[in-house]
Structures are given as structure tokens and as C-alpha cells.
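Read off the chains here:
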Amino acid sequence: MKKRTLTALVVLASVAVAGYATRSQWMGGEKGPAQARTRVVAVELARAERKPVPVDVDAIGMVTPISSVALKSRLETTIISVHFQDGAKVNEGDLLFTLDSRQIDAQIEQAEGTLAKDQAQLAGAERDVRRFADLIGKGATTQVSLDNAKTQADILAGTIKADQSMLDNLKVQKSYTIIKAPFSGRISAANVKVGNFVRPADTAPLATINQMAPVYVTFTIPQRLLADLRDAMTAGTTRVIATIPNSERSETGKVAMIENTVDSTTGMVTVRGIMDNASEILWPGTLVQTKLIIRVEDGVTVPTVAVQRSQTGNFVFVVKDGKAQIQPVEVDRTFQGQSVITTGLSGNEEVVVDGQLLLTQGTQVESRKRKAGA
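Residues numbered from 1 in each chain as written. Predicted model: local features only at pLDDT ≥ 70, side-chain atom pairs only at ≥ 80, totals over all residues. Heavy atoms only, no water.

A. Expanded view of the pattern of salt bridges. Inspection of the entire model under this criterion finds 16 salt bridges. Across the salt bridge formed by glutamate 297 and arginine 333, the nearest N and O atoms sit 3.5 Å from each other. In this pair, glutamate 297 sits in strand S15 (residues 287-303) while arginine 333 sits in strand S19 (residues 330-335), placing the two residues 36 residues apart along the sequence. On the basis of relative accessible area, glutamate 297 is assigned to the partly exposed category, the value being 30%. Connected through salt bridges with shared partners, the residues Asp228, Arg295, Glu297, Asp332 and Arg333 form a single ionic network. (Salt bridge = Lys/Arg side-chain N within 4 Å of Asp/Glu carboxyl O. Helix = DSSP H or I, 4+ residues; strand = E, 2+ residues; numbered from the N terminus. Buried < 20%, exposed > 50% of the residue type's maximum accessible area, 1.4 Å probe, protein only.)

B. Layout of the packing of helix H4 (residues 102-138) against helix H5 (residues 143-175). Interhelical geometry of H4 versus H5 gives an angle of 160° and a closest axis separation of 8 Å. The pairing of H4 with H5 is recorded here as roughly antiparallel in orientation. In the packing of H4 onto H5, the handedness of the crossing is left-handed. Looking at the contact of H4 with H5 residue by residue, the class counts come to 18 nonpolar, 10 polar and 9 charged. (Axes fitted to C-alpha atoms, helices over the stretch in contact; angles between N-to-C directions. Parallel < 35°, antiparallel > 145°, perpendicular 65-115°, else oblique. Left-handed = near helix turned anticlockwise from the far one by under 90°. Nonpolar A, V, L, I, M, F, W, Y, C, P; charged D, E, K, R; others polar.)

C. Structural view of the side chain of threonine 243. You can see threonine 243 is positioned in strand S12 (residues 239-243). Judged by its relative accessible area of 18%, threonine 243 falls in the buried class. Discounting chain neighbours no more than four positions away, the residues touching threonine 243 are Arg249, Ser250, Val288 and Gln289. (Contact = heavy atoms within 4.5 Å.)

Okay, here's the thing in C-alpha cells:
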């Protein structure tokens, strides 16, 4: 019994000594080494930059030719020759179709014969006028004979004008048997071949030519940008970039025109950009991704992922002296993954782009390398 009591007293003494040795910890006194260590959060950083930033708007556009013509026959005749390959590039004045002109050639010869006959008759009538004029001076004829001769000469002069007009009309008709390219561009497949009979009443054209360089890119923008766009057109600062979807190929041009009305149902206004398209990257009818650059102005930019949102507005974490500081900002717009800041930053500040969830005001931070592909 005494032995058990002695053992219990030894255990109680050991507990008392241990409690006394750690009294500063359980009594809230001096902290141990683990608790004295300050928490440091590893974050990714980027630097705010002041640089020229374009004021732009993205839209879906369509490539449309400036000039497009459907070739049709103005005569009822037969195709005797096709002078181009389907889909070929043609130049202004190139011969495209030759139509049968034998009937018109015969009519032209007939008209030329009629004209020659009437010219000969006019020459005879003019001789009669001169002869009767001499005879009336000698009293050998009457005034009526002279007047009749003059009338006949006048009638033949009118007939010759009519003959000449008919001949000119036939020559114009003959010119329709030769169909040439009115401008340079790309021609479609020929809808008719040699031997086909064509007429003006045909609904299908012989072929279609689209001008390829330059071309229009037509798209729409919100009406709120209309005033800025008109000012930019006056200043000559507009730029239009058209990119083919899923491709790096693009063409650059400028605004050619703004439609004279705003669509009241959508609040959008139609804009046309003109592109040189010398390499024919843009094909009529193609849908393209269009970027309209209205002007370029200086601004402070940060990666969009750095901007955080709260009930009081947007903010970023700025790192100063190794600590995170909450900095309220106002965002004007975004551009290619960058946010343009109007107030709150002046440029060259270090901002947190990853790791914000672990931060509060004054949190100690350290920079870590950005992830690959970030």
C-alpha cells in the first residue's frame, strides 16, 4: 500500500514539473518557434504597363465584291466560242464569248447598200436643183419645177440620215456578239458552252465576274460607337483587320463608308471596310472575324486575371515591400487578355495574377515562377 502511494506521488511530481516548464505556452505567454513564424504566400506577379492601346470593336463580317456583273446576251443567237477557263482570273477588256453574227453582218451589208443608193439619188436631186436654178434664170422653166427638185433633195437627205442611223444601230448590235470583261476579277464557271442558243430573256447569266481586289468587308457595330467612328474617319485613324476563322491569314484596310441609317430593331449600324486584297486572301461571301480599330490612345494595362471583383468594385493586389496591398481600380475595357485601367494605377506596379484567394490586406508574399503556358 505504501509502495503504491509512493509511485503516485512520483507521477504527480513529474506532471507538475512538466507543467511548470511549459507554463508560458498554456498560459498565453511567450510563443513557441512554430507559432512565431510569419505565413508567406507564394504568388505569380506581373507588371502594370503604360503603352499605346487601340480602341477597337470585334464583329463578324462578310466579304462582298465592290463590283459584280452577270454577263448576259443582248441578242438571240448562238455561242460560237468561249475564250476563258472556268474560275480563271480575267483582266478588263479580255475577250470572253463570241456569238454568231452572220445575220447581223448580212443586215449591215443591206443597210450599206440602201445608204449608197439613197446617196446616189440625193446627188441626182442636187444636180436637178442646180439645173432648174440655171433654167429659171433664163425663163426656160417654172418656179414649181425648182421647188419640187429642192423638196426631193431634202427628202433624200432625210432618208440618208435614217439609213445612216439604221446602219449605226446594226453596228451596235454586232458589237453585242463580242462579250468582253468590263473589269478585272474572277469569272465563274461558264453556264453555256459552244453551240448553246442564248437570248436576252434567259434568267441564268452566261457567267459572273466578281472584282477581287479591292473588296469590301461588311459588318455592324453598336450605335454608341457611331460618333467616335465618324470623328476617326475625319482624322484618318480608322483601321479594319479581317481574319479568316481558324487561320492566321488576314487583310488590313480602312473604313470606306457608314450606312446612312441605324437599324432600329437592333441598334446596330452597318459599316464597310475596304481591303486591297492583292493576294486574294479574302473571297467574296466568306465570313471573317473583323476588328475595327477606331483610334489608339495611351493607357495602363494589366493582365485581366489580375482584376478582382467585390461588392465595392474592382481591385487588384499590388505588392509593395513584399506585402500585398488592396488597390481599387476602374476598368475601361479589355484588349487581348489585358484590362485597360483608367484610375488606381499609374504603371510599373507589380500586381498579383495568381494566388489571390490566399491574400488579405498586408499578407506577406513571395514571387514564384509563372506556370508554363500561362
